[in-house]
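This is what each chain is made of:
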Amino acid sequence: MTSGRNDEVLIGRIRADGEANAAAILSEAETYRKQTEARAEVEIAETEALLKAEADREISGARERKKTLAALERRKMLLAAKQRVIDGVYRSALAKLNAMDKAEKLARTDRLLRKYAEEGDEIVLAENGGLGAEEVSSLPVVRERSLSVRSDGKFDGGFVLSGKTCDKDFGNAAVLAAVREETETEIAGKLFGGE
């Protein structure tokens, strides 16, 4: 139940951050588009002056090619700008996960262990995750399920649950990658609508 609420809070934060960044980046992309179209129009006019002796069909063809190229360049820039916004949203979410205080990290670890840990699993904490083996070992679920704990994981925040048959990666980057896979389309839709 708490996990769902935390996910909603995280998604809400992601949306808020994304909306704040989207306007600035989209404005930059729109300015670039206008400049590109203005340059294209100047090039078209120069081409028409140099090729006046050419048939009207050739001038029209050149104009259409320039407009198409400008439109393609605009779309390319706009897509790149949107991708930067989305990447920034998830970078911000990862930074917030990494910046949680010790109590939040311990509560999150306890919740995930209760849900996913199996008897005898090993908890590998991130070296830089902000939680020590002693703190996590003090959680009742660790004793209840005979879990072992070490804190030498070479990943950024969170932990890996190493079991007899498989490992479960709850490192912050892995968790966020899973959330991104599930939410990226929805967030892009909310940030950019039908664009």
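Residues numbered from 1 in each chain as written. Predicted model: local features only at pLDDT ≥ 70, side-chain atom pairs only at ≥ 80, totals over all residues. Heavy atoms only, no water.

Q: Got a minute to help me understand the overall build of the protein chain in this structure?
A: Within the protein chain, the regular secondary structure consists of six helices and four strands. Counting from the amino terminus, helix and strand elements in the protein chain follow one another as α-α-α-β-α-α-β-β-β-α. Surface summary for the protein chain: the accessible area is close to 11,700 Å², and the carbon and sulfur share equals 53%. (Helix = DSSP H or I, 4+ residues; strand = E, 2+ residues; numbered from the N terminus. Areas by Shrake-Rupley, 256 points an atom, 1.4 Å probe, with all protein chains shown as cover.)

Q: It is not clear to me how the nonpolar core should be interpreted in this structure. Could you clarify?
A: Note on soluble globular proteins: their nonpolar side chains tend to be buried together. Ile14, Val85, Ile86, Tyr90, Leu191 and Phe192 are the most contacted members of the largest nonpolar core, which totals 17 residues. Mapped onto this core, the elements with two or more residues apiece are helix H1 (2-50), helix H2 (56-98) and helix H6 (172-192). The element that contributes the greatest number of residues to this core is H2, accounting for seven residues. The contacts of Tyr90, once residues within four sequence positions are left out, are Ile14, Leu176, Arg180, Thr183, Glu184 and Ile187. Leu139, Val141, Val149 and Phe170 belong to the second-largest nonpolar core, a separate cluster that totals 16 residues. (Core = buried A, V, L, I, M, F, W, Y, C linked by side-chain atoms within 4.5 Å. Buried < 20%, exposed > 50% of the residue type's maximum accessible area, 1.4 Å probe, protein only. Contact = heavy atoms within 4.5 Å.)

Q: How should unusual backbone geometry be read in this particular structure?
A: Trans is the prevailing form of peptide bonds, just as negative phi is the prevailing case for residues other than glycine. Despite not being glycine, Ser146 shows a phi value in the positive range, around 55 degrees. The residue Ser146 is located in the loop between helix H5 (140-144) and strand S2 (148-153) in this model. For Ser146, a relative accessible area of 47% puts it in the partly exposed group.

Q: Quick question: what am I supposed to make of the packing of aromatic side chains here?
A: Ring pairs (aromatic) are described by centroid distance and by the angle formed between their planes. One pass over the structure, following the stated rule, counts two aromatic pairs. Aromatic rings pair up to connect Tyr116, Phe159 and Phe170 into one cluster. (Phe/Tyr/Trp six-rings, centres within 6.5 Å; stacked < 30°, edge-to-face > 60°.)

Q: Can you help me understand a negative patch on the surface in this one?
A: Among the surface-exposed residues, Asp7, Glu8, Glu181 and Glu182 lie close enough to one another that they form a single negatively charged patch. Put simply, the parts of the chain that give the negative patch at least two residues each are H1 and H6. If you trace the backbone, Asp7 turns up in helix H1. (Patch = residues over 30% accessible without salt bridge, like charges linked within 9 Å, V, L, I, M, F, W, Y side chains within 5 Å. Salt bridge = Lys/Arg side-chain N within 4 Å of Asp/Glu carboxyl O. Lys, Arg positive; Asp, Glu negative; His and termini not counted. Charge placed at Lys NZ, Arg CZ, Asp CG, Glu CD.)

Q: Explain the side chain of Thr109 to me, please; I cannot follow it from the model alone.
A: On the secondary structure map, Thr109 appears in helix H3 (residues 102-116). Leaving out residues up to four positions away in the same chain, Thr109 has contacts with Leu131, Val136, Leu139 and Phe159.

Q: In this structure, what is going on with the pattern of salt bridges? I would like to understand it.
A: A pair can form between side chains of opposite charge whenever their charged atoms are brought close. Enumeration over the complete set of coordinates arrives at 10 salt bridges. The salt bridge involving Glu127 is made with Lys154; its shortest N-O contact spans 2.6 Å. Of this pair, Glu127 sits in the loop between strand S1 (122-126) and helix H4 (133-137) while Lys154 sits in the loop between S2 and strand S3 (158-162); the two residues are 27 residues apart in sequence, bridging distant segments of the chain. Looking at Glu127, the relative accessible area reads 47%, which means it is partly exposed. Overall, the relative accessible area of 68% leaves Lys154 in the exposed class. In this structure, Asp152 and Arg150 form a salt bridge, with 2.5 Å as the shortest nitrogen-oxygen distance. Judged by relative accessible area, which is 34%, Arg150 ranks as partly exposed. When salt bridges with common partners are traced through the structure, they connect Asp87, Arg180 and Glu184 into a single cluster.

Keep in mind that these numbers describe shape and distance, not what the molecule does.
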